[in-house]
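Residues per chain are reported as follows:
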Amino acid sequence: MSRPLLCVRDLAIQFGGVRAVDGATFDVMPGEVFTIIGPNGAGKSTIFNLVSRIYDATAGTIVFDGHDITRMPVHRIAAQGIARTFQNNELFEYATVLQNLLVGRHRHRRTGLLAHVLFTPGARREEEHHRRKVEEVIDFLDLQHYRDQSIAGLPYGVRKKVELGRALAAEPKLLLLDEPSSGLNVEETEEMSFWISDIKKLLGITVVMIEHDMSLVNDVSDRVLALNYGKVIAVGTPSEVQAHPEVVRAYLGSEDTA
Amino acid sequence: MRFLLRTSYGQDIRLFPFGGAPALWTGLALWAAIVGGLNVASLPLVREGWLALAAGYALVFGLVLSRWGGAAFWYGLLGVAVIVAPMLVGTYFVGQLTFVFVYAIAGVGLVILLGLAGQISLGHAAFFACGAYVAAILNAEGWDILVSLPAAVLVSAVLGVVIGLPALRMTGIYLGFATYAFAFIVEEILARWDSVTNGTLGIAVGSPVLGYESWGWQAVLETEVELYFLALALFVGTLVVGLNVQRSPTGRAMMAIRDSETAAASMGVNLAVTKTTAFALSAAMAGLAGALYGHVLHFISPEQFTILLSINLLVMMIVGGLGAMHGAVFGAVFLVMMPQAISALKGAMPPAEGLPEVLAFLVSLPSAPGFEAGIYGLIIILFIIFEPMGLHGLWLKVKTWFRLFPLYKKGMFKRQKSYMASERNR
Ligand SMILES: Nc1ncnc2c1ncn2[C@@H]1O[C@H](COP(=O)(O)OP(=O)(O)O)[C@@H](O)[C@H]1O
Ligand SMILES: [Mg+2]
């Protein structure tokens with residue numbers, strides 16, 4: 001087997017007394033869709049925040065594409081080739097869809113402040129190039145209708161698409177999707193499932209996603225990781241993990257307390 | 001509904017989205033038409049005969065453009081208006097317009113800092129002062145504006161980086177106070193550094209000079225009209241820079257940190273660099289405005305650059321609107337015209353003697369101390385409640401009303417309740 005794209009080793013973080021992630025270890029292989037499941041508060045989003053360097057790990061290492069990124073500043077993560085979406089949508093609310101997607105291109109910019117201030121021919125050429133790249137994403141996700149609309153007036157389902165689009169515009173090697181189907185209706189969830197397979201097959205992007213909808217998980221995942229109380233309790237194919245006794249117990253247990 | 005066919009993506013990144021070239025041509029054509037027309041009427045403005053010939057052609061050209069140019073025609077007309085204004089209005093009004101440009105230059109900087117990057121500054125008076133003093137001192141040392149203005153801009157930008165440092169750790173009202181504290185220090189330095197700034201007595205500022213006697217070529221810009229055109233040219237330059245920032249990755253990065261720092265950082269935006277850049281650019285523009293301000297007033301002293309100026313600049317932006325560069329101009333007009341309006345109001349009041357008590361009170365109100373500040377406060381409150389997008393927002397509504405007439409629907413601009421991220425990821 002080839003070298004893993006993402007290696008997480010003994011990763012841990014504590015918030016006060018809460019061990020949100022407690023010694024998590026896993027590998028993500030290039031080209032796969034890797035899904036993290038677990039009850040609410042298991043630490044899934046925290047793992048994303050650790051990998052995208054929004055949080056500082058208390059212990060452990062994160063190696064991406066052969067580079068140790070455990071201590072890398074957050075704004076350099078995108079340049080490594082990691083893009084993400086957020087559980088509760090973090091869009092640029094008072095900007096248009098187009099502008100949001102163009103921010104996704106930020107890591108690919110070559111020109112500097114002076115070129116921008118004077119809007120030199122170089123800056124113009126680059127803008128047109130980014131604009132073309134973003135149009136590919138707009139076509140891919142069928143966002144043509146919303147191109148020049150401001151985010152503030154968009155329905156939830158479209159916001160989710162725009163956020164996915166913004167991450168895709170970055171042309172990442174690794175895409176982190178935090179609950180891509182939450183808040184979507186059945187049709188939109190199905191659409192999302194097609195896009196995730198397309199992202200893997202057509203664009204060749206490795207996907208790590210957090211998801212609760214088990215049919216979506218089964219449809220698109222190559223491997224699944226189950227997390228509970230910040231600890232990895234099972235890794236394997238979707239059916240293996242769902243049959244795992246500890247996973248069953250974690251879900252039943254969480255229902256007891258819920 | 002208007003459908004746009006996209007022929008190239010260049011269309012999305014034009015300086016003026018409606019098409020800068022038609023505006024430019026319309027403007028030039030109309031200018032030629034008017035000057036030519038005046039020439040025909042034998043006004044001693046321009047004596048070249050060929051302009052008269054151009055006039056008829058230009059008028060037709062301009063009208064044709066207006067058919068498909070729309071906004072271009074009106075911006076072109078505006079361009080002509082500001083160019084011919086000094087020939088048509090008195091020197092007093094020319095002076096007032098010059099101040100509009102001065103404040104609008106600082107306004108463009110505030111649109112970038114507040115509107116685009118979402119960072120507040122109560123320290124803009126310091127940048128204004130810095131630009132004014134640097135330009136005045138270099139002018140006194142015999143340097144021309146090609147040296148003194150860039151120097152004023154540069155020093156102000158550096159000061160902007162320093163005063164913007166708290167922005168790397170604070171937001172909102174805390175940032176406001178921190179920037180105010182820095183500005184206060186600058187104000188103190190100006191008042192106490194006697195050997196350079198002449199302390200609280202202030203310094204006289206010479207007229208801006210272009211070129212040097214030793215070159216055998218020198219122009220001293222002393223008349224109102226000359227200063228007007230200097231301010232106009234610098235404003236246009238600043239506006240172009242502002243629009244360029246807005247449409248480039250730098251501006252988008254600023255917009256990104258305004259709306260979500262987490263998402264911006266995750267897309268590769270360096271928060272520290274972006275905030276610092278916004279402060280530096282905004283300070284540079286305020287510094288340029290300050291330099292001009294000194295040259296126009298011919299006198300500067302520390303008490304012109306207190307917190308009151310910073311607040312006035314913010315008021316200007318609240319009233320003008322932060323959403324677009326238009327807001328800077330609308331706000332500047334407001335800032336210059338407001339004191340005039342208030343003093344006109346004072347003059348128009350009948351004497352209070354012999355009136356019933358309530359009326360006498362109302363009549364004496366405009367001359368009461370603090371009336372001006374009270375009016376400003378009232379205007380800010382009214383704008384925040386009824387028109388958060390400022391005069392620019394109002395303007396957009398009026399424009400839409402005319403375009404859609406008689407189909408305009410009531411409640412079209414009602415603010416919609418929108419989805420809010422209930423729980424942020426940090
Ligand atoms: N910034 C934070 N400060 C304090 N506690 C946090 C923070 N982020 C997450 N936690 C805690 O970590 C645990 C895991 O949260 P999270 O990763 O969001 O769960 P989920 O698996 O549902 O995505 C929760 O107990 C949560 O309260
Ligand atoms: Mg979560």
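Residues numbered from 1 in each chain as written. Chains lettered and ligands numbered in written order. Predicted model: local features only at pLDDT ≥ 70, side-chain atom pairs only at ≥ 80, totals over all residues. Heavy atoms only, no water.

> Is there a simple way to think about the pairing of strand β8 (residues 206-210) of chain A in this case?
As a general feature of sheets, a regular strand has side chains that alternate between the two faces. Residue and element names in this part refer to chain A. The buried count for β8 comes to five of five residues, which makes it a mostly enclosed element. Burial of the side chains of β8 extends over both faces: Thr206, Val208 and Ile210 are buried on one face and Val207 and Met209 on the other. Bridge count for strand β3 (residues 33-37) against β8 is four bridges, and the pairing is parallel. Across the sheet, residue valine 33 finds its bridge partner in β8, namely valine 207. Bridging between strand β7 (residues 174-178) and β8 involves five bridges; their strand directions are parallel. In the sheet register, leucine 174 faces β8, and the bridge partner there is threonine 206. (Buried < 20%, exposed > 50% of the residue type's maximum accessible area, 1.4 Å probe, protein only. Helix = DSSP H or I, 4+ residues; strand = E, 2+ residues; numbered from the N terminus. Pairing = 2+ DSSP bridges.)

> What should I look at first to understand the site of ligand 1 in this one?
Residue and element names in this part refer to chain A. Taken together, Phe15, Ala20, Asn40, Gly41, Ala42, Gly43, Lys44, Ser45, Thr46, Tyr55 and Gln87 are the residues near ligand 1. Within the backbone of alanine 42, one N or O atom sits 3.2 Å away from an oxygen atom of ligand 1. At a separation of 2.5 Å, an oxygen atom of ligand 1 approaches a polar side-chain atom of threonine 46. Taking 550 Å² as the accessible area of ligand 1 by itself, protein coverage stands at 65%. Per-element tally for the shell around ligand 1: the top contributor is helix α1 (residues 44-51), with three residues. (Near = heavy atom within 4 Å. Polar contact = N/O pair within 3.5 Å; in protein donor to acceptor, adjacent residues only side chain to side chain. Areas by Shrake-Rupley, 256 points an atom, 1.4 Å probe, with all protein chains shown as cover.)

> Explain the side chain of threonine 85 of chain A here, please?
Within the secondary structure, threonine 85 of chain A sits in the loop between β6 (82-84) and α3 (97-104). Polar side-chain contacts of threonine 85 of chain A include one of 3.2 Å to the backbone nitrogen of aspartate 178 of chain A.

> Looking at this structure, I do not really get the coordination of the magnesium ion (ligand 2). What am I missing?
In an ideal tetrahedron of four donors about a metal, each angle is 109.5 degrees. In an ideal octahedron of six donors, the angles are 90 or 180 degrees. All names here are of chain A. The coordination sphere of the magnesium ion (ligand 2), as far as protein atoms go, consists of Ser45 (OG) and Gln87 (OE1), spread over 2.0 Å. You can see serine 45 sitting in helix α1 and its partner glutamine 87 sitting in the loop between β6 and α3, a full 42 residues away along the chain. You can call serine 45 buried: its relative accessible area is 16%. Residue glutamine 87 is classed as partly exposed on the basis of its relative accessible area of 22%. (Donors = N, O, S within 2.8 Å, 3.2 Å for Na, K, Ca; no water.)

> I'm lost on the packing of helix α13 (residues 307-320) of chain B against helix α16 (residues 371-386) of chain B in this one. Help?
When two helices pack together, their arrangement is given by the angle between their axes and by how far apart the axes lie. Residues and elements named next belong to chain B. Contact pair α13 / α16: the axes reach a minimum separation of 9 Å and the direction vectors enclose 35°. Classified by chirality, the crossing of α16 by α13 is left-handed. Between α13 and α16, the residues in contact are Asn312, Val315, Ile318 and Val319 and Tyr376, Ile379, Ile380, Phe383 and Ile384, respectively. (Axes fitted to C-alpha atoms, helices over the stretch in contact; angles between N-to-C directions. Left-handed = near helix turned anticlockwise from the far one by under 90°. Contact = heavy atoms within 4.5 Å.)

> Would you take a moment to explain the domain arrangement of chain B for this structure?
Buried accessible area, meaning the area lost when the parts come together, often serves as the stated size of an interface. All names here are of chain B. Here the domain parsing of chain B yields domain 1 (1-88), domain 2 (96-348) and domain 3 (391-426). Every contact between the two is made by nine residues of domain 1 and, on the other side, eleven residues of domain 2. Each partner contributes to the roughly 770 Å² buried at the junction of domain 1 and domain 2, and carbon and sulfur atoms together form 71% of this total. At the junction of domain 1 and domain 2, the tally comes to zero salt bridges. Here domain 1 is connected to domain 2 by one residue pair in polar contact (both at pLDDT 80 or more). By residue class, the composition of the side of domain 1 that touches domain 2 is eight nonpolar, no polar and one charged. (Domains from an automatic or database assignment. Buried area = accessible area lost by both parts, 1.4 Å probe. Salt bridge = Lys/Arg side-chain N within 4 Å of Asp/Glu carboxyl O. Nonpolar A, V, L, I, M, F, W, Y, C, P; charged D, E, K, R; others polar.)

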